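# Notes for the structure review
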Amino acid sequence: EKAGFDHFMLKEIHEQPKAYRDTMLGRISDDGRSVALPELKITAEQLKEINRVHIVACGTALHAGLVGKNVIENLVRIPVETDVASEYRYRSPIITPDTLVIVVSQSGETADTLAALREAQRCGARVLAITNVVGSSVAREADDVIITLAGPEIAVASTKAYSSQLIAFFLFGLYWAQTIGTKDEAEVAHVLAAMQSLPEQVEKILAQAEVLKEVVESISHHSSLFFIGRGIDYAVAMEGSLKLKEISYIHSEAYAAGELKHGTLALIEEGTPVIALLTQEDLYEKMLSNIKETKARGADVLGIINEGHEAEVAKSVDRQFAIPRTLPLLTPALSVVPLQLLSYYASLALGHDVDKPRNLAKSVTVE
Ligand code: M6R
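Residues numbered from 1 in each chain as written. Predicted model: local features only at pLDDT ≥ 70, side-chain atom pairs only at ≥ 80, totals over all residues. Heavy atoms only, no water.

Rules: UniProt positions are given in the numbering used here, feature names are shortened, and annotations may be inferred rather than shown by experiment.
Named according to an unreviewed UniProt entry, the protein chain is Glutamine--fructose-6-phosphate aminotransferase [isomerizing] originating from Cohnella luojiensis. In UniProt, the protein chain has this text filed under Function (unreviewed entry): "Catalyzes the first step in hexosamine metabolism, converting fructose-6P into glucosamine-6P using glutamine as a nitrogen source." Taken from UniProt, the Catalytic activity (unreviewed entry) comment for the protein chain reads in full: "D-fructose 6-phosphate + L-glutamine = D-glucosamine 6-phosphate + L-glutamate".

### Some words on helix H12 (residues 232–248)
Our working definition: Each helix is a run of DSSP H or I of at least 4 residues and each strand a run of E of at least 2, with the numbering of both proceeding from the N terminus. By definition here, a helix of n residues has an expected span of 1.5 Å times n minus one. Each residue is assigned to one of three classes by its accessible area relative to the maximum for its type, calculated with a 1.4 Å probe on protein chains only: buried under 20%, partly exposed between the two thresholds, exposed over 50%.
If you check H12, its first and last C-alpha atoms are 24 Å apart, about what 17 residues at 1.5 Å a residue would give, namely 24 Å. Burial runs high along H12: 14 of the 17 residues are buried. Trailing H12 by a residue or two, Tyr249 shows a phi angle of about 60°, which is positive.

### Topic: helix H8 (residues 160–180)
Taking 1.5 Å per residue, 21 residues should reach 30 Å; H8 reaches 30 Å between its end C-alpha atoms and fits that length. Burial of H8 is extensive: 18 of the 21 residues sit out of reach of the surface. The first or second residue beyond H8 is Gly181, which carries a positive phi of 85°.

### Observations concerning the pairing of strand E9 (residues 300–306)
Worth spelling out the cut-off: By this definition, two strands are paired if DSSP reports at least two bridges between them.
Counting buried positions over the seven residues of E9 gives seven, a clear majority of the element. Bridge count between strand E8 (residues 273–278) and E9: six bridges; the pairing is parallel. Residue pairing for E9: Leu278 is matched across the bridge by Ile305.

### Focus: the nonpolar core
We apply this condition: Residues belong to a common nonpolar core when they are buried Ala, Val, Leu, Ile, Met, Phe, Trp, Tyr or Cys residues joined through side-chain atoms within 4.5 Å. Contacts between residues were defined by any pair of non-hydrogen atoms, one from each residue, lying within 4.5 Å.
Within the largest apolar cluster, 92 residues are counted, with the highest numbers of intra-cluster contacts made by Ile102, Phe172, Trp176 and Met195. When residues of this core are assigned to their parent elements, the largest contribution, 12 residues, is made by H8. The contacts of Trp176, once residues within four sequence positions are left out, are Leu47, Ile50, Val53, Ile72, Val76, Ile78 and Leu100. In this structure, Ile228, Val274, Tyr284 and Ile305 belong to the second largest nonpolar core, which totals 19 residues.

Here it is as structure tokens:
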């Protein structure tokens, strides 16, 4: 049932190209110029009335939501807040009938996410669910549902469900943008073309998995490390950090790279591993100077970079892993893959139970 892989997690990491294709299948017009989401009941008129978005989820799904915030704000230009589901109800969120609440849940059974959905509906908001399980509680109760077609996810550590949630956000963001006209047809077509290359690009990354296996030595013997990034890379850094903690039990923190010098830099010492994401070209120089700040304190830096920057970045980092080029907004669908593999190899090297990490359940049905 593991289809020749040693663990479900590794199998599921390798299923991501298929999960991307399946999640896009039938949702992109044949001419590649528009998105169709016939499953949505929300009308174009209703979509035009929405003036704020709350994305609510837990754990990895929340991290997908942080990317979703970037995607919707960029494509649709409507303010988006992302909330931890277990906090949402207790902060008296401002929910109006013009608020769209998006809940994200692989299982569709997470108690806090379900409670947030109910609270949003009680306040008169429409709820859109992005979930992997047809017929789950979240799917049944939400007003609209976009199903991710990742297929069953067995490993406790979420991989293909997360990345398929990203695909769902790209599709929904584009659909919304084309509906209200914040992006014209040519712009939508441009993003869709880039999206359709993602499965093949992930395959390219997977083919280089061995490189990461070697890099793992540099982190698995440390008790603490940092993931840094700016913008959308920061959202991915959070997911990389959670994944590593969850299955390797190595402590790590994700930091917005520019925020390090406001306190946390004090923790960087000789040999501290830092994993730096550098996929956003417009933030590139700023990232390099943040990396320099950590190197000056002795950090051992692994850069996750865009193909083509290898020679240039070599001066600033100790190790690097290049991902294929895509549009800045779509990079999380690629950059998360080396981070998943790194966690997997770290867990393996340390002899932990990769698929069933201690203290954790696949689905958290208590609040
Ligand atoms: O089923 P859900 O997406 O609602 O689950 C949410 C989290 O419990 C889940 O993503 C958790 O953080 C994962 N184990 C992370 O890998």
